[in-house]
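Architecture at a glance
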Amino acid sequence: MTRPIAVVGAGAIGVAFAIVFARAGSQVALWDPQRDRLPRAMDDVRERLEMLDSFHLLEESAETVLSRISTHAELSEAVVEAELVQECAPEDAAAKLELFDRLAGLTEDHVILASSSSALTPGRYAHECVARARILGAHPANPPYLLPLIELIPGTHTDSLIVERASEIYRRAGLSPVLVPVEIEGFIMNRLQGAVLREAYCLVRDGVASVEDIDTVMRTSLGPRWSFMGPFETVDLNTQGGITEHARRMGPAYLRMGEFRGMREEWTPDLVAEVNRQRRNILPLSQWLQRVHWRDEQLMRLNALKRERLGPKADE
Ligand SMILES: NC(=O)c1ccc[n+]([C@@H]2O[C@H](COP(=O)([O-])OP(=O)(O)OC[C@H]3O[C@@H](n4cnc5c(N)ncnc54)[C@H](O)[C@@H]3O)[C@@H](O)[C@H]2O)c1
């Protein structure tokens, strides 16, 4: 029998993590310093579990999953048995630092202390803490019970065994861990989102597109593609010859677009060669055409599903 997971902070993300772990079969102990938050959190959990059930996204009844979650008036009580503590307190470095100091004193040496922070790197809340070797960032997409990414950000003092164990626990809970080996603001997901948003704001500011135009472009082109493959796979499949050929044809135009925004980030030959090497390890060019057919099939499935669920005007 695995040890429980403690979720500390019962706001939007705390509630969502409680669902993730309980749905995967773990006992979950939930704590929040605002006592009146706990009954509301349980109501939120119940409501979302019932929604998930109505879409056939639960393996068990909502009641069974809910019964694995307990609420606790004392932090010490919530974390006493835990294998991993998922910190979900507000995005405030000083408050998180204080909380991790408390958690360090309340938990044994093997307990993993993971922060959900969206933007703070472990250096901001862990370096001074006596338990820093077992603290890491574990940033979810919101809500993690529907979007299974978890970015793992070790600090410079985090023990590599802790990272491995955390990775295994999240995997068991149905999440897809991606290691971010450098303490970089925004990690990976929000840096990618930031690149899109930066350009979107510029296009609105410069009168090139309205807000609605931008959302329409994304919703009807890049969004559907990116729902089943990433930007590298997208361009690899868009050009016969793959990444290398795409970079040869399109690299200069993308460089000019960047320069127009004051950024000179060249796709150098070495960089393109590295991206191509990694792509070719995933997909040899001999399988390229087959994968292009696969892409089209995925888009057809997606369009058919939208039409079935939302009707013929789903994309308007
Ligand atoms: N909301 C998102 O989209 C999102 C996505 C990924 C990560 N995060 C991160 O998750 C964390 C929580 O965000 P949220 O959106 O759930 O916030 P929230 O405001 O919804 O919830 C925060 C909860 O923490 C409680 N709290 C206050 N002080 C606390 C303390 N000292 N210790 C423990 N709990 C405390 C509050 O009572 C509240 O219930 C933040 O670090 C945020 O950056 C949020």
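Below or above, wherever it landed, is the structure these notes cover. (Residues numbered from 1 in each chain as written. Predicted model: local features only at pLDDT ≥ 70, side-chain atom pairs only at ≥ 80, totals over all residues. Heavy atoms only, no water.)

1. Examining the layout of surface pockets
Sizing a probe to match a water molecule and rolling it over the atoms shows the empty space that remains. Formally: Both cavities and pockets are sets of points on a 1 Å grid over the protein atoms alone; in a cavity a 1.4 Å probe fits but cannot get out, in a pocket the set is open with protein on both sides within 12 Å along at least five of seven lines, and lining residues sit with an atom within 4 Å of a point. Grid points are joined across faces, edges and corners, and a volume is the space filled by probe spheres set on the points. Helix numbers and strand numbers start at the N terminus; a helix is a DSSP run of H or I with at least 4 residues, a strand a run of E with at least 2. Gly is put with the polar residues, along with every residue not named as nonpolar or charged; the nonpolar set is Ala, Val, Leu, Ile, Met, Phe, Trp, Tyr, Cys and Pro, and the charged set is Asp, Glu, Lys and Arg.
Its boundaries defined by the atoms lining it, the second largest pocket holds a volume of some 260 Å³. The wall of the second largest pocket is formed by 14 residues, among which Trp31, Pro33, Ala89, Pro90 and Leu99 lie closest to the centre. In terms of residue count, the dominant contributor to the lining of the second largest pocket is helix α5 (residues 93-106) (4 residues). Considering only residue class, the lining of the second largest pocket consists of 9 nonpolar, 2 polar and 3 charged.

2. Overview of the site of the ligand
Defined as follows: Residue proximity to a molecule or strand is established when one non-hydrogen atom of the residue lies within 4 Å of it. Identification of polar contacts relies on pairs of N or O atoms within 3.5 Å, with a donor-acceptor requirement for protein atoms, meaning one able to donate a hydrogen and the other able to accept it, and with residues adjacent in sequence counted only if both atoms are side-chain atoms. Computed with a 1.4 Å probe, the accessible areas rest on the Shrake-Rupley method; for each residue, only the protein chains presented here act as cover.
In the vicinity of the ligand lie 23 residues, with Ile13, Asp32, Glu91, Lys96 and Ser118 positioned nearest. Note that an oxygen atom of the ligand is positioned 2.8 Å from one of the backbone N or O atoms of Ile13. Surface burial for the ligand is 73%, taken as the share of its 820 Å² of free accessible area covered by protein chains. Looking at the shell around the ligand, the elements with two or more residues in it are α1 (12-23), α5 and β6 (135-140). Among the residues making up the shell around the ligand, the classes are represented as 11 nonpolar, 8 polar and 4 charged.

3. Describing a nonpolar patch on the surface
How we decide: For patch building, the residue pool is restricted to those with more than 30% relative accessible area and no salt bridge; the joining distance is 9 Å between like charges and 5 Å between nonpolar side chains (Val, Leu, Ile, Met, Phe, Trp, Tyr). Salt bridge criterion: a side-chain nitrogen from Lys or Arg within 4 Å of a carboxyl oxygen from Asp or Glu.
There is a patch of nonpolar side chains on the surface, built from Met51, Phe55, Leu57, Leu146 and Leu147 and spanning about 500 Å² of accessible area. By the secondary structure assignment, Met51 is in helix α2 (residues 37-54).

Functional significance is not addressed by these values, which are geometric in nature.
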